[in-house]
Amino acid sequence: MSISRSLLPRRTLFGLTAFPEDAGEEPGDHAKVRPPQRLSQRARNEPFVSVPTRGPMDSTDETPRTPLECIDGEPFVFAAVSPIPGRSPRLDLPLASVGPAIHHYSSQHAPQGLVAYRLRRGDVAVLDDVTRALSRAPAAEGSDVGTAYGYRVCASLCDDSIGPKVVSWLESCFADASIPRAGRAALARTIASHPRCASPTLDALFASAVVDDEARKTYAALRNAGQGARTEPSEPEPDETRRALLANPFLAVRELRDGAREVLAVHPERRGDVLAALTVVVTDETEQHYVRFHALEQLAELDRAYAVAIAEMVQDPGMAPRVAPLVKFPEPGALARYAHDVGLLPGITDGELRAVTIGSVLGSRTALFAKETDVYPNHYDDVLARLARLVSPVLDDVLFEEVPHHEFFDDDEDEDDDEDAYRPVNDPDQLRDAYRLRAFLPDCAYEIVAGDTTDWIAVEPVLGLLNTLCEARGSDLRFVELPTGSQDACVLAAPERAIRTAVDDGVLVVIWPS
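Since we're looking at a predicted model, the values are computed, not measured.

Here's the deal with the sheet that holds strand β12 (residues 488-495)
Strand order in the open sheet formed by three strands is β7-β12-β11, and the pairing between neighbours is antiparallel. Of all the strands in the sheet, the pair left with one neighbour each is β7 (366-370) and β11 (477-482). Taking the axes of each pair of neighbouring strands and ignoring which way they run, one obtains an average angle of 25 degrees across the sheet. Strand direction decides the pairing type here: β7 and β12, joined by five bridges, are antiparallel. When the sheet's bridge partners are listed, Ala-367 is paired in β12 with Val-491. Across the face of the sheet, helix α20 (residues 459-472) comes into contact with β7, β11 and β12 while running at roughly 165 degrees to β11.

What to know about the sheet that holds strand β10 (residues 444-450)
With antiparallel pairing, the four strands of this open sheet are ordered in space as β6-β10-β9-β8. At either end of the open sheet lies a strand with only one pairing partner, and these are β6 (84-85) and β8 (399-403). Pairing geometry for strand β9 (residues 435-440) and β10, over six bridges, is antiparallel. Pairing of Arg-436 across the sheet is with Val-449, part of β10. Sitting on the sheet, helix α19 (residues 380-388) touches β8 and β9, and the angle it makes with β8 is about 155 degrees. Each of β8, β9 and β10 is contacted by α20, which is oriented at about 160 degrees to β10, the strand it contacts most.

Notes on the packing of aromatic side chains
Applying the stated criterion across every chain, the model contains four aromatic pairs. On the numbers, 4.5 Å between centres and 10 degrees between planes, the contact of Phe-206 with Tyr-219 is stacked. Linking Phe-206 in the loop between α7 (200-205) and α8 (213-227) with Tyr-219 in helix α8, this pair joins segments that are 13 residues apart in sequence. Per residue, the accessibility class of Phe-206 equals that of Tyr-219, and both read buried. When the centroid spacing of 5.0 Å and the interplanar angle of 40 degrees are considered together, the rings of Phe-329 and Tyr-338 count as tilted. The buried category is assigned to Tyr-338, whose relative accessible area is 12%. Members of the aromatic cluster, joined through ring pairs, are Phe-174, Phe-206 and Tyr-219. Geometry around Tyr-149 places Arg-152 over its ring, the cationic atom sitting 5.2 Å from the centre.

Focus on the packing of helix α3 (residues 126-136) against helix α4 (residues 142-154)
Where α3 contacts α4, the axes come no closer than 10 Å and their chain directions differ by 165 degrees. With respect to α4, the axis of α3 lies roughly antiparallel. The interaxial crossing formed by α3 with α4 has left-handed handedness. Contacts from Leu-127, Val-130, Ala-133 and Leu-134 in α3 reach Val-145, Gly-146, Tyr-149 and Val-153 in α4. Taken together, the residues that form the contact of α3 with α4 break down as seven nonpolar, one polar and no charged.

Quick word on α20
Helical periodicity: at 3.6 residues per turn, an α-helix aligns residues three or four positions apart in one direction. With 14 residues, α20 ought to run about 20 Å at 1.5 Å a step, and its terminal C-alpha atoms sit 20 Å apart, in line with that. The buried fraction of α20 is high, at eleven of 14 residues. Residues Val-459, Pro-461, Val-462, Leu-463, Gly-464, Leu-465, Leu-466, Asn-467, Thr-468, Leu-469 and Cys-470 constitute the buried set of α20. Once α20 ends, the next one or two residues include Gly-474, with phi positive near 75 degrees.

A word on the environment of Leu-68
Mapped onto the elements of the fold, Leu-68 is located in strand β4 (residues 68-70). A C-alpha to C-alpha distance of 4.6 Å links Leu-68 and Ala-79, two positions eleven residues apart in sequence.

Here's the deal with the pairing of β10
The buried fraction of β10 amounts to six of the seven residues, a majority that puts the element mostly inside the structure. The pairing of β6 with β10 spans two bridges and is antiparallel. Bridge assignment links Pro-85 to a residue of β10, and that residue is Cys-444. Following β9, the chain reverses through three residues before pairing antiparallel with β10.

The rules we used
Residues numbered from 1 in each chain as written. Predicted model: local features only at pLDDT ≥ 70, side-chain atom pairs only at ≥ 80, totals over all residues. Heavy atoms only, no water. Pairing = 2+ DSSP bridges. Helix = DSSP H or I, 4+ residues; strand = E, 2+ residues; numbered from the N terminus. Axes fitted to C-alpha atoms, helices over the stretch in contact; angles between N-to-C directions. Contact = heavy atoms within 4.5 Å. Phe/Tyr/Trp six-rings, centres within 6.5 Å; stacked < 30°, edge-to-face > 60°. Buried < 20%, exposed > 50% of the residue type's maximum accessible area, 1.4 Å probe, protein only. Lys NZ or Arg CZ within 6 Å of the ring centre and 35° of its normal. Parallel < 35°, antiparallel > 145°, perpendicular 65-115°, else oblique. Left-handed = near helix turned anticlockwise from the far one by under 90°. Nonpolar A, V, L, I, M, F, W, Y, C, P; charged D, E, K, R; others polar. Expected span 1.5 Å × (residues − 1).

Below, the structure written as structure tokens:
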């Protein structure tokens, strides 16, 4: 009698799953480690399988990460964490008023995103807290503090429901002698530099005597530039290098984003060559998946029936599942109608009807971001907030916060003699080698430990926290990651049953929990 592998005990090796017959081998280059197996759909009351997330393997004092949980045969990951009951005391702390706390995490001050969060919810009383923070700023740091809060309130000027109140608050700040002069000037300059949401009341404010000359001139120049006649940008004349590239369709379709369209715009007689060039790219198993995928999209725009025939020829395992939807739904609009019927899409637009790939069809329910940030910290809070908007209004009242790991400087550099050298001061809340990610709800809070000291976003813990929040809210919406073939992450948010159906039908390809 055979025993289902899903019933066997498992252990986790650095994020991959090994089965019992491999237990005699030590983790290493020769261990037989397999990714989780795709199993049949199971009942919803099946127990969770815990998947601890790990950081660098050579760490000897690694901070334990929050375990992630998943159900065998389902692509959804959850954070194994319980809510902290009650309103978080952090939400009642004062706003920062000194440079270090303005720009870096501070456990003694309210979360940095609290001002924008409260304004988005129409709570203009937070502006009084901002005034107090500006007034407490030391004169020497007034410029930094004024700039920081200028950025945090400027987006609210676009909200018609509170924009006029923000303008009135700005007018009172510009005339408030308790705020350092440098702070008032920096606040005015910051708002003046972002007149994208200008209004008659804001125009009047920046024409008044309470605004200094520099801010007044900046606002007027940018405002006038924004009011200029708008014309459609003309196509630039191709230079010699580009002309040579467009003369060779086999190079153009690989090197240019819209190579097929550009070649045909200049050489309409070369349609056959363009189709042949795109065919070569789609069937080239050595090419990156996203390049091949984009070539297939261009091919379908030119000749859908031919593109379907070429997609049927793709057999390599990395690419075949991604082109399967075009083969399964060859008629224009059929894929979008399927997505609507199973619940992936609430409605269908003309653009979705023309879409060739499931990723394009689901564009309104997905978000794309770079996993490599190239900055410290990684701004997990921004990523979480952006993804949460995909399920609005379920998580609209959630404030996210990132507590970065320790900031380090190079001990090898001779900085001891440099009095101006930057030396980070870490907060007691900060961990040495991982991030704390927090979600503040009106009646409780969640916190997980995730990531590492690299400049890469750890996507699984992010999805785990968001799915846990949606489940706690009683929502059936779930987040999954879709493959991109690049360093970008593409996250889909849709009803749980719809995602499972599309995955089981072979229409939707997801990245399974490791």
